[in-house]
Amino acid sequence: MARRSRLLGCLLAVILAPVQAGSVGLTAPIPLLNGDTKGKLIYSMSGLRSSTSDILDYAVVVTCTSTLPATGKPIVLGVEFFQAGGGAVNSLVAGQGVVVLEPGRTVSISSVDTSLYNEDETTGDTLSMGAARIIATSNKVLCAAFQVETDNFPPLHMWSIPVHKKTKQKGE
Amino acid sequence: MKLSGAISFCAVLLLAAPAGAGLGDKPPLLNGDTKAKHVYSMTGVLSETNGLSTVVTCTSLEKSKDLLFAVEFFGTFGAALNDVTTAGVVTIPPGETRSIGSLDTSMYTETYAAGLSRIFEVLSARVLATSSKLLCNAFLVEEDGTPTVGSRLPVYKKTKQAGD
């Protein structure tokens, strides 16, 4: 009996070890923006779909506006997308999905190109189902996110994606 | 000579002043003479002829007095696209609902439409009002014809995003 529970314990340890060793997805360590700029987690999103070869294709578009006054500093901001398995699909360290917002500036960052937006940055990532987080040098930003059908103007479908502060969901 | 020098100096000072910075700016006077509060903000605003327009609807929670409200739209670089000191200020009697669109849409009978066509530009906007006793919603709506697509646009209190 004791041998059996020890064996079970060993199995559990082996299964859980990779999860404990390195967190993935929204809880992964914050990467340096452009490889040299420290940012903080501002917002998170879940339930994202991004495709380029389906009957109808969809992009995730994140729009952010700096709320700093004219005298404020530029904000460096990046959107990091994660696959269903938690692996990051774009590298903020390499500048993929990273933009600079001057005070008052509004930008759009998308996973793939859309007909609706003239995106400031497109990471070119497809997601079967995934998540994303917004990392920035200041929390003086407002962000909204949309799932947008990509091929038509105006799009055939479009809806707003809930944006959670850091990793906290208020709940409905 | 002294006068022209002073004028030149003033011109340099004016030109050197920081450009409008959008949501972080002090609210202008409504109609040029009425002090207003920055009540709500939005990002992801669109205003495209034959594409999607932004409609903001507000309902007054005031019990006895009218309130004034306006929507100030900002371009992608933060410059104001409409001048609420001269146009676009709407009066809402107690309990009533009014709407302001960036463009005139077929779906709504907007109380005021700003007539902004900014193709492929993503914008921001804010609701300015003489009272914060108002509820507002914002929508992206197809501008032309019966809308087949639309989306809720998140509305943030002042410039704070509480998160969903």
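Scroll up to find the structure this text is about.
Residues numbered from 1 in each chain as written. Chains lettered and ligands numbered in written order. Predicted model: local features only at pLDDT ≥ 70, side-chain atom pairs only at ≥ 80, totals over all residues. Heavy atoms only, no water.

Engineer: I'd like to hear about the overall build of chain B, residue by residue, with values.
Structural biologist: Across its full length, chain B holds one helix and 10 strands. Reading chain B from its N end, one meets helices and strands in the order α-β-β-β-β-β-β-β-β-β-β. Relative to all contacts within chain B whose residues are 6 or more apart in sequence, the contacts with residues 24 or more apart total 75%. Surface summary for chain B: the accessible area is close to 7,900 Å², and the carbon and sulfur share equals 58%. (Helix = DSSP H or I, 4+ residues; strand = E, 2+ residues; numbered from the N terminus. Contact = heavy atoms within 4.5 Å. Areas by Shrake-Rupley, 256 points an atom, 1.4 Å probe, with all protein chains shown as cover.)

Engineer: Residue-level account of the environment of Asn152 of chain A, with values.
Structural biologist: All names here are of chain A. With respect to the element layout, Asn152 can be found in the loop between strand 8 (141-149) and strand 9 (158-161). Between the C-alpha atoms of Asn152 and Thr114, which are 38 residues apart in sequence, the distance is 8.1 Å. A polar contact of 3.0 Å, which involves the side chain of Asn152, links it to the side chain of Glu149. (Polar contact = N/O pair within 3.5 Å; in protein donor to acceptor, adjacent residues only side chain to side chain.)

Engineer: Tell me about the nonpolar core, and please be specific about residues and values.
Structural biologist: Judged by nonpolar contacts, the single largest core of 41 residues is most densely connected at Tyr117 and Met158 of chain A together with Phe69, Val127 and Leu134 of chain B. Among the elements of the structure, strand 2 (58-66) and strand 8 of chain A together with strand 1 (37-47), strand 2 (52-60), strand 3 (67-74), strand 4 (90-92), strand 7 (118-129) and strand 8 (134-142) of chain B are those that each provide at least two residues to this core. With sequence-adjacent residues up to four places away left out, Leu134 of chain B is seen in contact with Val39, Tyr40, Cys58, Thr59, Ser60, Leu61, Leu67, Phe69 and Ala129 of chain B. Membership of the second largest hydrophobic core comes to 25 residues, among which are Leu48, Val99, Ile109 and Ala132 of chain A. (Core = buried A, V, L, I, M, F, W, Y, C linked by side-chain atoms within 4.5 Å. Buried < 20%, exposed > 50% of the residue type's maximum accessible area, 1.4 Å probe, protein only.)

Engineer: Please give an account of the state of the cysteines that cites residues and values.
Structural biologist: All names here are of chain B. All told, the structure shown has two disulfides over all chains when counted by the stated rule. A sulfur-sulfur distance of 2.0 Å marks the disulfide that ties Cys58 to Cys136. On the sign convention where negative means left-handed, the S-S torsion of about 110 degrees between Cys58 and Cys136 marks this disulfide as right-handed. Of this pair, Cys58 sits in strand 2 while Cys136 sits in strand 8, and the two are 78 residues apart along the sequence. (Disulfide = S-S within 2.5 Å.)

Engineer: Could you give an account of the interface of chain A and chain B, naming the residues involved and the relevant values?
Structural biologist: At the interface, 40 residues of chain A touch 39 residues of chain B. The largest contributions to the chain A side of the interface with chain B come from Thr106, Leu142 and Met158 of chain A, which together make up 18% of the buried area. Applying the counting criterion to the chain A and chain B interface returns zero salt bridges. Our count for the contact surface shared by chain A and chain B stands at 12 residue pairs in polar contact (both at pLDDT 80 or more). When residues of the side of chain A that touches chain B are traced back to their parent elements, those giving at least two are strand 2, strand 5 (106-110), strand 8, strand 9 and strand 10 (164-165) of chain A. Sort the elements by how many residues they give to the side of chain A that touches chain B and strand 8 of chain A lands first, with five residues. Of the residues in the side of chain A that touches chain B, the class split is 23 nonpolar, 12 polar and five charged. (Buried area = accessible area lost by both parts, 1.4 Å probe. Salt bridge = Lys/Arg side-chain N within 4 Å of Asp/Glu carboxyl O. Nonpolar A, V, L, I, M, F, W, Y, C, P; charged D, E, K, R; others polar.)

Engineer: Outline the pattern of salt bridges, listing residues and values.
Structural biologist: Residue and element names in this part refer to chain A. Across all of its chains, the model carries six salt bridges over all chains by this definition. Where Asp120 meets Arg105, a salt bridge forms, and the shortest distance between an N and an O atom there is 3.1 Å. Within this pair, whereas Asp120 is found in the loop between strand 5 and strand 6 (121-122), its partner Arg105 is found in the loop between strand 4 (98-101) and strand 5, the two being separated by 15 residues in sequence. For Asp120, a relative accessible area of 32% corresponds to the partly exposed category.

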